[in-house]
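# Tertiary structure, described
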Amino acid sequence: MCTGKCARCVGLSLITLSLVCIVANALLLVPNGETSWTNTNQLSLQVWLMGGFIGGGLMVLCPGIAAVRAGGKGCCGAGCCGNRCRMLRSVFSSAFGVLGAIYCLSVSGAGLRNGPRCLMNGKWDYHFEDTAGAYLLNGTLWNRCEAPPRVVPWNVTLFSLLVAASCLEIVLCGIQLVNATIGVFCGDCRKKQDATH
């Protein structure tokens, strides 16, 4: 596969994953789909750190767009430098995207490990923090949270989605980093008639 076609494919995948992360983080702000729980001390710190919105979302959206643009036609018309300028931009954007995806993975992993902040026995706290993530395998513990209702499965589902998406983003940004570096040094392997269409 040519570096341009690969960049386009990877870029479209990164854009999709970044939008998934943004939506997942937005849903974490409204446990169980209810907006009455948006008080600062009723949501976990990992929700407010916006790992999915900032890291896996916006910081990966930029490299996704840069990769799609790198997969397009040359940066200064036919000939000249071909796609090398855009590929160089994509190298730096992909490195930025790896950092964003790692941030998302770190925050989401901590959110899964610590569990949600919830009301239990009249006290708002991280009641599953001491279990070191063992609460994930014990569904009977999940019902102990009195408020927000069903917050544990809500957080587990969305943080798990963010972990999976950010892992894919790290892999795809790494692929695009290598692909764009090859594109900078070797150019695009597409034939001239392909580039004019």
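What counts as what
- Residues numbered from 1 in each chain as written.
- Predicted model: local features only at pLDDT ≥ 70, side-chain atom pairs only at ≥ 80, totals over all residues.
- Heavy atoms only, no water.
- Helix = DSSP H or I, 4+ residues; strand = E, 2+ residues; numbered from the N terminus.
- Buried < 20%, exposed > 50% of the residue type's maximum accessible area, 1.4 Å probe, protein only.
- Contact = heavy atoms within 4.5 Å.
- Areas by Shrake-Rupley, 256 points an atom, 1.4 Å probe, with all protein chains shown as cover.
- Axes fitted to C-alpha atoms, helices over the stretch in contact; angles between N-to-C directions.
- Parallel < 35°, antiparallel > 145°, perpendicular 65-115°, else oblique.
- Left-handed = near helix turned anticlockwise from the far one by under 90°.
- Nonpolar A, V, L, I, M, F, W, Y, C, P; charged D, E, K, R; others polar.
- pLDDT = per-residue confidence, 0-100.
- Disulfide = S-S within 2.5 Å.
- Polar contact = N/O pair within 3.5 Å; in protein donor to acceptor, adjacent residues only side chain to side chain.
- Phe/Tyr/Trp six-rings, centres within 6.5 Å; stacked < 30°, edge-to-face > 60°.

### What to know about the overall build of the protein
Scanning the protein from N- to C-terminus turns up 7 helices and 2 strands. For the protein, the sequential pattern of α-helices and β-strands runs α-α-α-α-β-β-α-α-α. Taking all 197 residues of the protein together, 46% fall into the buried category. Considering only residue pairs separated by 6 or more positions, the protein has 73% of its internal contacts joining residues 24 or more positions apart. Accessible area for the protein stands at about 9,700 Å²; split by element, carbon and sulfur atoms hold 66% of it.

### Looking at the packing of helix α1 (residues 3–28) against helix α6 (residues 151–186)
Where α1 meets α6, the axes come as close as 9 Å, and the angle between the chain directions of the two elements is 160°. Our classification of the angle between α1 and α6 gives roughly antiparallel. Relative to α6, the crossing made by α1 is left-handed. The class makeup of the residues in the contact of α1 with α6 is 21 nonpolar, 7 polar and 1 charged.

### Topic: the confidence of the model for the protein
If pLDDT is low for a region, its predicted coordinates should not be looked at in detail. Across the protein, the average pLDDT comes to 84, with 86% of residues at or above 70. Confidence drops under a pLDDT of 50 for residues 75–80, and excluding neighbours within four residues, the segment shows 6 contacts in the predicted structure.

### Some remarks on the state of the cysteines
With the rule as written, the count across this model stands at 1 disulfide. With a sulfur-sulfur separation of 1.9 Å, Cys118 is cross-linked through a disulfide to Cys145. On the sign convention where negative means left-handed, the S-S torsion of about -50° between Cys118 and Cys145 marks this disulfide as left-handed. On the criterion of sequence distance, the pair formed by Cys118 in strand β1 (residues 118–120) and Cys145 in the loop between α5 (139–142) and α6 is long-range, its members being 27 residues apart. Of the residues examined, Cys145 reaches a relative accessible area of 8% and is grouped as buried. Residue Cys9 stays outside any disulfide, its sulfur separated by 6.8 Å from that of Cys6, the closest cysteine.

### A word on the packing of α1 against helix α3 (residues 51–70)
Across the interface, α1 lies against α3 with an axial gap of 7 Å and an inter-helix angle of 160°. Comparing the axis directions of α1 and α3 gives the class roughly antiparallel. Pair α1 / α3 crosses with left-handed handedness. Residue composition of the contact of α1 with α3, grouped by class: 16 nonpolar, 9 polar and 1 charged.

### Re the side chain of Asn25
Summarising the element assignment, Asn25 is placed in helix α1. Its relative accessible area of 2% is what places Asn25 among the buried residues. Within the structure, the side chain of Asn25 is placed 2.9 Å from the backbone nitrogen of Gly52, a separation counted as a polar contact. Here Asn25 is in contact with Val47, Met50, Gly51, Gly52 and Phe53, once residues within four sequence places are set aside.

### Looking at the packing of aromatic side chains
Aromatic ring pairs are described here by two measures, namely the spacing of the ring centres and the angle between the planes. Applying the stated rule across the entire model yields 1 aromatic pair. Relative to Tyr135, the ring of Phe128 has its centre 4.9 Å away and its plane inclined at 20°; by these criteria the two rings are stacked. We classify Phe128 as buried; its relative accessible area is 3%. Looking at Tyr135, the relative accessible area reads 1%, which means it is buried.

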